[in-house]
Amino acid sequence: LDAALAPSGSEDDGELSEDGSEEEDEEDGSEEDDSDEDEEAAADWGEQFSTDEDEDDDDDDGSMSEDEQEESEESEESESEDVSAPAPALAKPTGKMSLVEKMKAKLSGGQFRMLNEALYTTTGDDALRMVKASPGTFGAYHAGFREQTKEWPTRPVDVIMKYLKTQPKSLAVADFGCGDAELARKVKQKVHSFDLESDAPGVIACNMANVPLPDDSVHVAVFSLSLMGTDYGKFLEEAHRVLKVGGLLWIAEVRSRFDGKDGVASVDSFVKTLAQLGFKLKGKPDESNKMFFTVSMIKAGEKKAKKVKWQPLKACIYKRR
């Protein structure tokens, strides 16, 4: 955790594939056009965090087309004509910075990779202490996450918003791991927004295993790609506590985290564990989306088991090449 918060001198960024695993890109010191990279990366989880210097490796053979040679000659002539003009020591970017640029300005690729891994491989308490020790870091993480998912055909938050728009305004909603609190901004219901850092209006910073809500106080509990801690079961037990009997537990998670291998939970075993917590399945889990699945459960009553045993989930972490 200390390493995740230490200043990073490297600019090695990570790349996360659709199956939940991530790969780290390598730098060669040259620059490419940012807009081209963003288009190529739109469907991938971590591509936006790769450096802007990744794609010149293919040019190592030194070959150039005639058009490229002409452009190079024109560029050299232009540079020779302007050689006497003084250049500023530090060039400042013009126009409004993109989310990715803002994120990169606050958080190096190496730090992002380590923070992402830490959030998946530590407890809720440790994650909260880590974020408190470095204010603003989690906000940068959220900016990167929004950039990753903005081109998805459907985002989990869009699914739950569509559902809530069909429900009465009087419902109370708890959003566990709310990020930038988009759900609260776009639905008519009262939404209690919780996350590790309060970087948006109305967000309460806390460990999601201990939210400041009374027992049996909300009608809907939402987990949208937010079961990140190793003790994620405590988050779900807390949701059970604050939900009214008959209330809805709605979960969206990355499909590849539930592969059922080597003791890791599958979607089916996860649903069975939730049943031990006192939830009843509402319809079948929706696994039609290639990126994530959703499951809806109804709070049927108190826990059926005194102590619920939660199977581990796979972490979405960056891998070094």
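Residues numbered from 1 in each chain as written. Predicted model: local features only at pLDDT ≥ 70, side-chain atom pairs only at ≥ 80, totals over all residues. Heavy atoms only, no water.

### A word on the pairing of strand 7 (residues 243–254)
One face of the sheet, then the other: side chains in a regular strand alternate in exactly this way. So the rule is basically this: Burial status follows relative accessibility: with a 1.4 Å probe on protein chains alone, a residue under 20% of its type maximum counts as buried, one over 50% as exposed, and anything between as partly exposed. The helix count covers DSSP runs of H or I at least four residues long, the strand count covers runs of E at least two residues long, and both are numbered beginning at the N terminus. At least two DSSP bridges between two strands are required for those strands to pair. If the strands point away from the viewer and the path from the first strand over the helix to the second runs clockwise, then the crossover is right-handed.
Summarising burial for strand 7: 9 of the 12 residues are buried, a large majority. With 6 bridges joining them, strand 6 (residues 218–224) and strand 7 adopt parallel strand pairing. Looking at strand 7, one finds that Ser224 is bridged to Ala252. In this view, the connection linking strand 6 to its parallel neighbour strand 7 by way of helix 10 (residues 232–242) has right-handed handedness.

### Topic: the pairing of strand 6
A large share of strand 6 lies buried, amounting to 6 of its 7 residues. Here 4 bridges tie strand 3 (residues 172–176) to strand 6, and the two strands are oriented parallel to one another. Residue pairing in the sheet places Ala174 in a bridge with Ala221 of strand 6.

### Brief notes about the side chain of Ser224
Applied cut-off: Residues are treated as being in contact if the distance between any of their heavy atoms lies within 4.5 Å.
Assignment of secondary structure puts Ser224 in strand 6. Apart from the residues within four sequence positions on either side, Ser224 is in contact with Pro156, Val157, Phe176, Gly177, Trp250 and Ala252.

### Digging into unusual backbone geometry
Trans peptide bonds make up most of the peptide bonds, and negative phi angles are found at most residues other than glycine. Even without a glycine there, the phi angle at Ala181 is positive, about 60 degrees. On the secondary structure map, Ala181 appears in the loop between strand 3 and helix 9 (182–186). Judged by its relative accessible area of 2%, Ala181 is buried. Positive phi, normally seen in glycine, also occurs at Asp216, with a value near 50 degrees.

### Considering the confidence of the model for the protein
Our working definition: Predictor confidence is given residue by residue as pLDDT, running from a minimum of 0 to a maximum of 100.
In the predicted model, the protein carries a mean pLDDT of 75, and 63% of its residues have values of at least 70. In this model, residues 7–66 is a region of pLDDT below 50 whose contacts with residues beyond four sequence positions or in other chains number 137 contacts. Low confidence marks residues 75–94, where pLDDT is under 50. Its contacts with residues over four positions away, or in another chain, come to 0 contacts.

### Brief notes about the sheet that holds strand 6
Inclusion rule: An axis is simply a line fitted to the C-alpha atoms; with a helix, the fit covers only the stretch in contact. Between two such axes, the angle follows the N-to-C directions and lies from 0 to 180 degrees.
Taken in spatial order, the 7 strands line up as 5-4-3-6-7-9-8 in an open sheet, and their pairing is mixed. Among the strands making up the open sheet, the edge pair consists of strand 5 (203–205) and strand 8 (279–281). For this sheet, the mean inter-axis angle between neighbouring strands, taken without regard to orientation, is 25 degrees. Each of strand 3, strand 6, strand 7 and strand 9 (292–299) is contacted by helix 8 (residues 156–164), which is oriented at about 150 degrees to strand 7, the strand it contacts most. The sheet strands contacting helix 11 (residues 267–276) are strand 7, strand 8 and strand 9, and the helix crosses strand 9 at an angle near 20 degrees.

### Some points on helix 11
Those residues of helix 11 that sit buried are Val267, Ser269, Phe270, Val271, Thr273 and Leu274. Looking at the packing, one finds that the buried side of helix 11 touches helix 10, strand 7, strand 8 and strand 9. Where helix 11 terminates, the next one or two residues include Gly278, which has phi positive at roughly 110 degrees.

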